[in-house]
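Reading the structure
This is what each chain is made of:
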Amino acid sequence: MATIKVTQVGSPIRRTQDQRATLVGLGLNKMHRTRELEDTPEVRGMIRKVQHMVKVEG
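So, here's what we can say about the structure.

Okay, the environment of Arg15 next. The residue Arg15 is located in the loop between β1 (3–8) and α1 (17–26) in this model. Of the residues examined, Arg15 reaches a relative accessible area of 37% and is grouped as partly exposed. The sequence separation of Arg15 and Val50 amounts to 35 residues, and the corresponding C-alpha distance is 9.9 Å. Excluding residues that lie within four positions of it along the chain, Arg15 makes contacts with Arg20, His52 and Met53.

This part covers the environment of Met53. Looking at where Met53 falls in the secondary structure, it is placed in the loop between α2 (41–49) and β3 (54–57). Through-space distance from the C-alpha of Met53 to that of Val6 is 10 Å; in sequence the pair is 47 residues apart. Leave out the neighbours within four places in its chain, and Met53 touches Thr7, Gln8, Val9, Gly10, Ser11, Pro12, Arg15, Gln19 and Leu23.

Structurally, Thr22 is set in helix α1. Here Thr22 is in contact with Met46, Lys49 and Val50, once residues within four sequence places are set aside.

Helices that pack against each other are described as a pair by the angle of their axes relative to one another and the distance between those axes. In the contact formed by α1 and α2, the axes pass within 9 Å of each other and the chain directions differ by 140°. When the axes of α1 and α2 are compared, the pair comes out oblique. Crossing of α1 against α2: the hand is left-handed. Between α1 and α2, the residues in contact are Asp18, Gln19, Thr22, Gly25 and Leu26 and Val43, Met46, Ile47 and Lys49, respectively. Among the residues making up the contact of α1 with α2, the classes are represented as four nonpolar, three polar and two charged.

Procedures and definitions
- Residues numbered from 1 in each chain as written.
- Predicted model: local features only at pLDDT ≥ 70, side-chain atom pairs only at ≥ 80, totals over all residues.
- Heavy atoms only, no water.
- Helix = DSSP H or I, 4+ residues; strand = E, 2+ residues; numbered from the N terminus.
- Buried < 20%, exposed > 50% of the residue type's maximum accessible area, 1.4 Å probe, protein only.
- Contact = heavy atoms within 4.5 Å.
- Axes fitted to C-alpha atoms, helices over the stretch in contact; angles between N-to-C directions.
- Parallel < 35°, antiparallel > 145°, perpendicular 65-115°, else oblique.
- Left-handed = near helix turned anticlockwise from the far one by under 90°.
- Nonpolar A, V, L, I, M, F, W, Y, C, P; charged D, E, K, R; others polar.

In structure tokens, the structure reads:
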């Protein structure tokens with residue numbers, strides 16, 4: 001399956017608890033951390049929820 005590279009570029013400080021939990025679910029709980037994730041509708045939905053704090057490649 002195809003993969004996408006997701007990097008956290010925004011801070012979770014002063015964000016809602018559900019946005020913080022979404023970052024943790026993606027494996028991105030620290031700044032500039034990068035993860036390669038499978039390109040599924042579930043992952044895309046999580047990325048859309050925190051799109052202002054992440055950068056997507058691929």
